[in-house]
Every structure is written in C-alpha cells, then in structure tokens.
Amino acid sequence: MINAKTKLCCIIGNPVEHSKSPLMHNAAYKALGLNFAFLAFRVTDVKNALEGLRAIDARGIVVTIPHKQEVMNYVDEVDETARQIGAVNTIVNENGILRATNTDWTGAMRALKEKTEITGKIAAVLGAGGAARAIIYGLKKESAQSILIFNRTIKNAQKLAQEFAITGGYSLENEDMIKQADIVINTTSVGMEPHEGVSPISENIIHKDHVVFDIVYTPRETKLLQLGKKKSATIVHGDKMLLYGAIAQFELFTGQKAPQKVMEDALC
Ligand code: ATR
C-alpha cells in the first residue's frame, strides 16, 4: 500500500511510455512487501528533473534515452564504470548525494554468460554507439580474447576501438571476419520495430558454433535471432539484458535480493 512512508523510484527518459521498468520493479516490491513505488516520467528538462527528484528525496532513478550522457552533469558522483562507458543508466540517492553508475554492461554480460564463456573468446560487436560502449566495457572486463567492432560508418568503429584499446574497427560489410568470431553481438537498431524483418548481417555467415546476442528486444525474436536459430547457433535474447540490468538496479535501490522470477514474469 502507498502511504506517507513510501519510497519513490522512477525512470526518466523521452519517450518513456514503452518502458518495462515500472512493471518489473513494482512487481518485485509487491512480492517482497517493500514500501516502494516506481513511476515513469517523461522528462525534457534533465537538470530540473534531477534537482526536483533530489528535493523530494527519491531513492533511485533509472535513466534512459536520450538522457544517459546529460545526467552526468547534474549528479554528485559518477563512478569509474559509468565514466569509462560514457553513460549513466542508474542513480542512487544516498542521503541527498546522487551517485551514478551503469548497469547496462552487467545485464548484458550476465545474459551472455548464461549461454557461453566469454574469457578467451573472439567477439564481434556490431555497431559503435552508446550501447556498444557498455558491451565493449563488459567484454573487456570478462577477458574476451579479442573484440572487433563492425559498423556502418567505419571511422566511428575505429575511434571506439582506439578509445577502448581493442583489436580494431571495421565495416559491417567485412562479413568474413564476423564469420570467424565466436560471439556476435548486435548493438545497432537494425531489426527493431517498426523495421523488424531486417538483419544487420547475412544469413550465410551465421553458423552453429556462433553465439548470437541481439540487444534489440522489440520484437523479442529479431530477424538476426531467427537466422541464428535456423542455423542452430546459440542465441541470447535482448530482454535478458533488460531483466538483469533491472535486477542490479533493484538491488542497489532496495538493498534486497531481487525476486528474479517475479521480475521476469512481469516482462512478458
Ligand atoms: P545507441 O545509444 O542505442 O547505441 P546510437 O549511439 O545512435 O544508439 O548508435 C546507433 C548505432 O547503430 C551506430 O553504430 C549506427 O551506425 P553509424 O555509426 O554508422 O551511424 C548503427 N546504425 C543505426 N542504424 C543503422 C542501419 N540502418 N544500418 C547499420 N547500422 C545502423
């Protein structure tokens, strides 16, 4: 029941109406009987939104597109992880001090590790935007043998490779190299609704020894994952990254172990 002692957590973004965060977090509060509530706020004025949330003593803030970089200017502390990734998706309010971190990489690596070892593997990352940064950070942490970035615009891939001191940046058309990788991760928006039915790579380079991970989760089974399934590759769904990222956030906000099954059911 919501009362005068209820602690507020929320997600800020624009748009935000599609977010699954309120469903997952509120279901978990209910299951554990925690006096918390989670709301979604469509925000354009990030600075004032954060000041307002600080003033009303909101406990936790999930940050989504397009504010993941901008919020870094208005929090009190950005941890080393978020600094290296260059984006914040989680803010915890500790007695008025806003501490920012990033759980995108933890969510992605946990989803991947359910299906494969990462240590010693060759990973092909498709895309060189914000999401790719969190994935590359995670792959480095998990000691992938080499990380190769493939992108529509080669110079963006090369820049990212240089920044993270990894193997290299290449064109998405370099499909022979993608074929050699153990793990293929799509971080581009290719295949996302309303443009489902498109894959960022060709069917003929996907094979049974590939682990194919698509961080796109609308639709749940993207064209890339369908092709992976068809070729008997191991596939990893993007909604697992979402789930495990939310679990990490729930635990930071409440200090309690998250009820995984409850949160997973709330995603469906
Ligand atoms: P996010 O923060 O979600 O990663 P982003 O920073 O805008 O979003 O990055 C989008 C990524 O998807 C980029 O790597 C982009 O490639 P470019 O660097 O060439 O722009 C890639 N991308 C977007 N639409 C694409 C398309 N139709 N085909 C191939 N790559 C695409």
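Before reading further, recall that the structure is shown in the block above.
Just so it is clear, the structure is predicted and the values come from calculations on it, not from any experiment. (Residues numbered from 1 in each chain as written. Predicted model: local features only at pLDDT ≥ 70, side-chain atom pairs only at ≥ 80, totals over all residues. Heavy atoms only, no water.)

1. Some words on the sheet that holds strand β6 (residues 97-101)
To summarise the sheet geometry, strands pair through backbone hydrogen bonds and adopt either a parallel or an antiparallel arrangement. With mixed pairing, six strands are arranged side by side in an open sheet as β2-β1-β3-β5-β6-β4. What marks the edges here is a single partner per strand, and that holds for β2 (36-42) and β4 (77-78). Sheet topology places strand β1 (residues 7-13) next to β2; seven bridges connect them, and they run parallel. When the sheet's bridge partners are listed, Lys7 is paired in β2 with Phe36. (Pairing = 2+ DSSP bridges. Helix = DSSP H or I, 4+ residues; strand = E, 2+ residues; numbered from the N terminus.)

2. Details of the side chain of Ser19
In this structure, Ser19 sits in the loop between β1 and α1 (21-32). At 3.0 Å, the side chain of Ser19 and the backbone nitrogen of Ser21 are in polar contact. (Polar contact = N/O pair within 3.5 Å; in protein donor to acceptor, adjacent residues only side chain to side chain.)

3. Here's the deal with the packing of helix α4 (residues 104-113) against helix α5 (residues 130-141)
Put simply, α4 and α5 touch, their axes get as near as 8 Å, and they point 60° apart. One finds that α4 runs oblique with respect to α5. The chirality of how α4 crosses α5 is right-handed. Residues Asp104, Trp105, Ala108, Met109 and Leu112 of α4 form the contact with α5, whose participating residues are Ala134, Ile135, Tyr137, Gly138, Leu139 and Lys141. Here the contact of α4 with α5 is built from residues that sort into eight nonpolar, one polar and two charged. (Axes fitted to C-alpha atoms, helices over the stretch in contact; angles between N-to-C directions. Parallel < 35°, antiparallel > 145°, perpendicular 65-115°, else oblique. Left-handed = near helix turned anticlockwise from the far one by under 90°. Contact = heavy atoms within 4.5 Å. Nonpolar A, V, L, I, M, F, W, Y, C, P; charged D, E, K, R; others polar.)

4. Overview of the pattern of salt bridges
Counted under the stated rule, the structure contains 16 salt bridges. Between Arg83 and Glu80 there is a salt bridge, and its shortest N-O distance comes to 3.9 Å. Of this pair, Arg83 and Glu80 both sit in helix α3 (residues 80-85), separated by three residues, roughly a single helical turn. On the accessibility criterion, Glu80 (49% relative accessible area) is partly exposed. (Salt bridge = Lys/Arg side-chain N within 4 Å of Asp/Glu carboxyl O. Buried < 20%, exposed > 50% of the residue type's maximum accessible area, 1.4 Å probe, protein only.)

5. Structural notes on the pairing of strand β7 (residues 122-126)
Counting buried positions along β7 gives four out of five residues, so the element sits mostly inside the fold. As paired elements, β7 and strand β8 (residues 146-151) share five bridges and run parallel to each other. If you follow Ala123 over to β8, its bridge partner there is Ile147. Each parallel crossover has a hand, and the one from β7 via α5 to β8 is right-handed. The sheet contact formed by β7 and strand β10 (residues 183-186) spans four bridges and is parallel. From the neighbouring strand, Ala123 faces β10, where its bridge partner is Ile183. (Right-handed = clockwise from strand over helix to strand, strands pointing away.)

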